[in-house]
Amino acid sequence: VGTLSGNVSMPIDISGSMQPYADSLLRLAHRIVRAAPNQVEVFTVGTRLTRISPALRVRRPDEALAAAGQLVPDWSGGTRLGEVIGAFLDRWGRRGLARSAVVVIASDGWERGDARLLGEQMRQLRLLAYGVIWLNPHRGKPGYAPIQTGIQACLPPLDRMVAGHSLATYAELLEVMADV
């Protein structure tokens, strides 16, 4: 992880559909937090929003993930991205964690709530943030198309959507973060 030029907020989807990717994404977030502890904030998103940045500042990855796991009450549940992004904006975003930051949302975009609400919250987020990147673990796979209503609602305000299913795509994410 190179030097970040600004602040980064990373909401990571830990719902059931993201279970195969959650560990890798949290390990990536741990590495980014350890490289820039005063510039990066990490949250889990599912049916609620949980700030896990302090846990990810622990030096050893396994200990950091275990500490984060103790904070998160909604592992492998559903996803209410619109409501959770709204909570992020209300509690953290407008207070500075999204303002002029690069926001990286790691999710497959499956939404159990109202996709219109998600689209509106993403537009609000885009007004605050310096850049908004969506990391979707399905994007780089053959035959992927953004057909889910949740991800379709998110596309217009995004600066970039990147794949997120391998170490190579994580390296691409870091490059995109530096370029936004």
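Note: the structure precedes this text.
As a starting point, this report considers the structure included with it. What you see is a predicted model, and the numbers here were worked out from it, not measured in a lab.

Brief notes about the packing of helix 1 (residues 19-35) against helix 7 (residues 167-179)
For the pair helix 1 and helix 7, interaxial distance at closest approach is 12 Å and the crossing angle is 40°. Here helix 1 is positioned oblique relative to helix 7, judged by the angle of their axes. Here helix 1 runs over helix 7; the crossing is right-handed. Judged by residue contacts, S24, L25, L28 and I32 of helix 1 engage Y170, L173 and L174 from helix 7. Here the contact of helix 1 with helix 7 is composed, by residue class, of six nonpolar, one polar and no charged.

A short note on the packing of helix 4 (residues 81-97) against helix 5 (residues 115-128)
Their axes nearest at 8 Å, the elements helix 4 and helix 5 cross at an angle of 25°. Between helix 4 and helix 5, the angle is such that the two are roughly parallel. In this structure, helix 4 meets helix 5 at a crossing whose hand is left-handed. Seen from helix 4, the contacting residues are L81, G82, E83, I85, G86, F88, L89, G93 and R94; seen from helix 5, they are L117, L118, Q121, M122, Q124, L125 and L128.

Looking at helix 1
Taking 1.5 Å as the rise per residue, helix 1 with 17 residues should run 24 Å; its terminal C-alpha atoms sit 25 Å apart, in good agreement. Of the positions making up helix 1, those classed as buried are Y21, A22, L25, L26, L28, A29, H30, I32 and V33.

Details of the packing of aromatic side chains
All chains considered together, the criterion is met by two aromatic pairs. Measuring from ring centre to ring centre gives 5.2 Å for F43 and F88, while their planes differ by 75°; the resulting arrangement is edge-to-face. Here the residue F43 occupies a position in strand 2 (residues 40-45), and F88 occupies one in helix 4, the gap between them amounting to 45 residues. Accessibility assignment for this pair places F43 and F88 in one class, buried. Each ring, one from F43 and one from W92, has its centre 5.7 Å from the other, and the planes form 55°; the classification is tilted. One end of the pair, F43, is in strand 2; the other, W92, is in helix 4, and 49 residues separate them in sequence.

So, the sheet that holds strand 2
Pairing is mixed in the open sheet, where six strands are placed in the order 3-2-1-4-5-6. Each of the sheet's edge strands pairs with one partner strand only, and the pair in question is strand 3 (49-51) and strand 6 (160-163). Adjacent strand axes in the sheet meet at a mean angle of 20°, parallel and antiparallel pairs treated alike. Together, strand 4 (102-106) and strand 5 (131-136) form the strand contacts of helix 5, whose direction differs from that of strand 5 by roughly 130°. Sheet strands in contact with helix 7 are strand 1 (8-13), strand 4, strand 5 and strand 6, and its direction is about 160° off that of strand 6.

A look at the environment of T50
For T50, the location among the structural elements is in strand 3. Sequence-wise, T50 and A22 are 28 residues apart; in three dimensions their C-alpha atoms are separated by 14 Å.

With respect to unusual backbone geometry
You will see that S76, though not glycine, has its phi angle at about 55°, which is positive. With respect to the helices and strands, the residue S76 is situated in the loop between helix 3 (61-71) and helix 4. For S100, which is not glycine, the phi torsion reads 60° and is therefore positive. As for its position among the elements, S100 is in the loop between helix 4 and strand 4.

Conventions used here
Residues numbered from 1 in each chain as written. Predicted model: local features only at pLDDT ≥ 70, side-chain atom pairs only at ≥ 80, totals over all residues. Heavy atoms only, no water. Axes fitted to C-alpha atoms, helices over the stretch in contact; angles between N-to-C directions. Helix = DSSP H or I, 4+ residues; strand = E, 2+ residues; numbered from the N terminus. Parallel < 35°, antiparallel > 145°, perpendicular 65-115°, else oblique. Left-handed = near helix turned anticlockwise from the far one by under 90°. Contact = heavy atoms within 4.5 Å. Nonpolar A, V, L, I, M, F, W, Y, C, P; charged D, E, K, R; others polar. Expected span 1.5 Å × (residues − 1). Buried < 20%, exposed > 50% of the residue type's maximum accessible area, 1.4 Å probe, protein only. Phe/Tyr/Trp six-rings, centres within 6.5 Å; stacked < 30°, edge-to-face > 60°. Pairing = 2+ DSSP bridges.

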